[in-house]
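# Structural features, examined
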Amino acid sequence: WLSGGYEEMAEDLFKKPEFLDTVIPHWRSVVAFARGHAEALNYRRQTNPAAAAASGLARPGFNAMSPRYAFEDAHGMTGEITRSFASFWEAQCDSMKMQLVEMDTHRTGRVPLS
């Protein structure tokens, strides 16, 4: 959705990731947000291994000092990101709303497309 629904463009970006910054607004912030969730998981595992094992954040044989992620870990982080992304992205939404309101010179709730 960040690339505007253009699947071909998304495929091109995977081939040339250096262009992500120029095409997707605030790309580095989004990446930092996702990395923060991975770091939070690592922190929970390192600071309280017993609780991490009891809650399913760590599995038998897991080494908290050498983090690796299973599908379940990625699934859990995706859920956390989904639940918290709205508050993370709120400033960008507010900024876009202000720009659109400024474009609505007739106060009809509509803006010109071109």
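Located above this text is the structure these notes cover.
Figured I'd write up the structure that's included with this text. (Residues numbered from 1 in each chain as written. Predicted model: local features only at pLDDT ≥ 70, side-chain atom pairs only at ≥ 80, totals over all residues. Heavy atoms only, no water.)

## Brief notes about the overall build of the protein
From N to C terminus, the protein includes 5 helices and 0 strands. Reading the helices (α) and strands (β) of the protein from amino to carboxyl end gives α-α-α-α-α. Rg of the C-alpha trace for the protein: 20 Å, well past the compact-globule value of 13 Å for 114 residues, more than 25% over. For the protein, the C-alpha atoms occupy an extent of roughly 65 × 30 × 20 Å along the three principal directions. Counting across all 114 residues of the protein, residues that qualify as buried make up 18%. Once local pairs closer than 6 in sequence are excluded, the contacts in the protein between residues at least 24 apart make up 45%. In the form shown here, the protein has an accessible surface area of approximately 9000 Å², with 60% of it arising from carbon and sulfur atoms. (Helix = DSSP H or I, 4+ residues; strand = E, 2+ residues; numbered from the N terminus. Rg over C-alpha atoms; globule rule 2.2 N^0.38 Å. Buried < 20%, exposed > 50% of the residue type's maximum accessible area, 1.4 Å probe, protein only. Contact = heavy atoms within 4.5 Å. Areas by Shrake-Rupley, 256 points an atom, 1.4 Å probe, with all protein chains shown as cover.)

## Section: the side chain of His37
One can find His37 in helix α3 (residues 27-47). If we skip the residues at most four places from it in the chain, His37 touches Met77, Glu80, Ile81 and Ser84.

## Notes on a negative patch on the surface
Together, Glu7, Glu8, Glu11 and Asp12 make up a region of like negative charge exposed at the surface. Along the chain, Glu7 turns up in helix α1 (residues 7-15). (Patch = residues over 30% accessible without salt bridge, like charges linked within 9 Å, V, L, I, M, F, W, Y side chains within 5 Å. Salt bridge = Lys/Arg side-chain N within 4 Å of Asp/Glu carboxyl O. Lys, Arg positive; Asp, Glu negative; His and termini not counted. Charge placed at Lys NZ, Arg CZ, Asp CG, Glu CD.)

## Quick word on helix α5 (residues 71-103)
Under the 1.5 Å per step criterion, the end-to-end length of α5 is 45 Å for 33 residues, consistent within 8% with the ideal 48 Å. At Glu90, α5 shows its maximal kink, close to 50°. Among the structural elements, α3 are those in contact with the buried residues of α5. (Expected span 1.5 Å × (residues − 1). Bend = angle between axes of the 7 residues up to and from the residue.)

## Section: the packing of aromatic side chains
A complete count under the given rule lists 5 aromatic pairs for this structure. Look at Phe33 and Phe88: their rings are 4.2 Å apart centre to centre, the planes differ by 20°, and that puts the pair in the stacked class. One end of the pair, Phe33, is in helix α3; the other, Phe88, is in helix α5, and 55 residues separate them in sequence. We classify Phe33 as buried; its relative accessible area is 14%. Every member of this aromatic cluster is reached through a ring pair, and the members are Phe33, Phe85, Phe88 and Trp89. (Phe/Tyr/Trp six-rings, centres within 6.5 Å; stacked < 30°, edge-to-face > 60°.)

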